[in-house]
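Survey of secondary and tertiary structure
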Amino acid sequence: MAENMMHAVQYSSYGGGVAALKCVEAPIPSPKKGEVLLKLEATSLNPLDLKIQKGMMRPFLPRKFPHIPGTDVAGEVIKVGAGVKGFKAGDKVVAALGMASGGGLGEFAVAEESLTVARPPQVSAAEGSGLPIAGISAYQALTSAGVKLDGSGPQLNLLITAASGGVGHYAVQLAKLGNTHVTATCGTRNLDLIKSLGADEVLDYKTPDGASLKSPSGCKYDAVIQCASGFIPWSTLAPNLSTNGKVIQLAPSATVYMTYAVKKLTFSKKQLIPLHAEPNKKDLDYLIKLMQGGKLKTVIDSNHPLSKAEDAWAKCLDGHGTGKIIVEP
C-alpha cells in the first residue's frame, strides 16, 4: 500500500446497512488549522452512526460521499496542524470527530483540537473511545435532571431506561456519584451487571412491572433518563413521575417534540425535555478524569478488528449490545 494511503471502511450512498460497507484504501487525511492527525487505536460505534447511514440526518449528514463513518475515537497524535498548541506528536488522546466528516473507521483520522482531550495511561484506548457521544449524553441528561455529581443537593429518585446500553450504563454510574436513588431497566441477562454498576433497583423491561416502569419500592421519579430507542408513551411515564417530575428524552423524535409542545402549552408541572447532547472538550475531559480515578468505566460489549467492521455494524444494528461496541484498527 502506498505510503500516503490507509485502510478504511466506507459507504457511498444512503441505506444498505451492513452490505453497503466496503473495505477500501483511502488517502490519509491531512490536519488543517486547529486540527490534529491521529493514528487510531479504537473507535466506538453509536446508534447515531446508523441513523446517518439510513439518511435520517439528511440533507446535513454526511457532508459528502463516499463517507467513512465513526465519530468517537482514541489514538495517538501523529501530526498537528497550524495553530495547535495543546498537543504534540506522541500524545495519547480521545476525540469526538465531526459528525459531517466522520472518519472513525479508518487507520487515521483528523480531529479538531477543540474536541480532543489527553488520555491518561490509566484509561485504555477502547475505554476512552466509548465516552464522547454516549458518556457526554449521559452526563448532560443527568445535569438537565438536576443531579449534582459532587453529591450536593437533595436526594432525587431517578429512572434510567435501557440501562445496559451505551448511554445507559454510563448514566447509572454517573447518577450514583450524586445524591440519587436509581431504578434502572434492562434485559434479564444484564440485571446483575446493572446492580454491580450501582443501581438500587433493577427492572426486567419484559416483565409487567418493567413494562409499567413502576419502582419496586413504590417511589415516584423526580426524573426519567430515557435512553431506550423509541418513545415510551407519556401515558406510561406520567403516572410514575413526582409532582414536578421530568423526562429527559435522548435522541428525540417528532412525536417527542409534539408532546413537549403540548406539555408547555398546558402548563403541565410534569415536563418532557428533548435533549440533543453536544460533545465538548470540558465535559469530555471531566469524564476522562472520572475514568482515570476509577469512578467511571466503559463496559465493552465486543471488540472487532477494522477488517471485520461489518460485524460490529451488524451488532450495533441489532440494538441489544451491552455497553459499547469497539472497532480496533
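Conventions we followed
- By convention here, each chain's residues receive numbers from 1 onward along its written sequence.
- Confidence filtering applies because this is a predicted model: local features only for residues at pLDDT of at least 70, side-chain atom pairs given and counted only at 80 or more, and all residues used for totals across whole chains, interfaces and linings.
- To obtain the side-chain values, all non-hydrogen atoms of the structure were included, while hydrogens and water were left out.
- Two strands are said to pair when DSSP picks up at least two bridges between them.
- Where helices and strands are cited, they refer to DSSP runs of H or I of at least four residues and of E of at least two residues respectively, numbered from the N terminus.
- Here the axes come from fitting lines to C-alpha atoms, over the contacting stretch only for helices, and the angles between their N-to-C directions go from 0 to 180 degrees.
- Here the nonpolar core consists of buried residues drawn from Ala, Val, Leu, Ile, Met, Phe, Trp, Tyr and Cys, with membership extended through side-chain atoms lying within 4.5 Å.
- Under the scheme applied here, a residue whose accessible area is under 20% of the maximum for its type counts as buried, over 50% as exposed, and between as partly exposed, the area being computed with a 1.4 Å probe on protein chains only.
- Contacts are assigned to residue pairs with any non-hydrogen atoms lying within 4.5 Å of each other.
- UniProt positions are given in the numbering used here, feature names are shortened, and annotations may be inferred rather than shown by experiment.

Structural notes on the sheet that holds strand 8 (residues 156-160)
Taken in spatial order, the 6 strands make up an open sheet running 10-9-8-11-12-13, and their pairing is parallel. The strands lining the two open edges of the sheet, one partner per strand, are strand 10 (201-204) and strand 13 (271-275). Across this sheet, the average inter-strand angle for adjacent strands is 20°, counted without regard to direction. For strand 12 (residues 241-250) and strand 13, the ladder comprises 5 bridges, and the chain directions are parallel. Residue pairing in the sheet places Ile 248 in a bridge with Ile 273 of strand 13.

Some details on the nonpolar core
The tendency in soluble globular proteins is for nonpolar side chains to be buried side by side. Ile 160, Leu 174, Ile 194 and Ile 225 are the most contacted members of the largest nonpolar core, which has 47 residues in total. Among the elements of the structure, helix 2 (125-129), helix 3 (131-144), strand 8, helix 4 (166-175), strand 9 (180-186), strand 11 (221-226), strand 12 and helix 9 (281-292) are those that each provide at least two residues to this core. Those residues in contact with Ile 194, other than ones at most four positions away along the chain, are Ala 163, Ser 164, Val 172, Ala 184, Cys 186, Ala 199 and Val 202. Judged by nonpolar contacts, the second largest core, of 24 residues, contains Ala 26, Leu 105, Ile 133 and Ala 309.

A few points about the UniProt feature "domain: Enoyl reductase (ER)" (unreviewed entry) in the protein chain
In the UniProt entry, the feature "domain: Enoyl reductase (ER)" (unreviewed entry) is given for residues 16-327. Span residues 16-327 is 28% helix and 27% strand, its end C-alpha atoms 20 Å apart.

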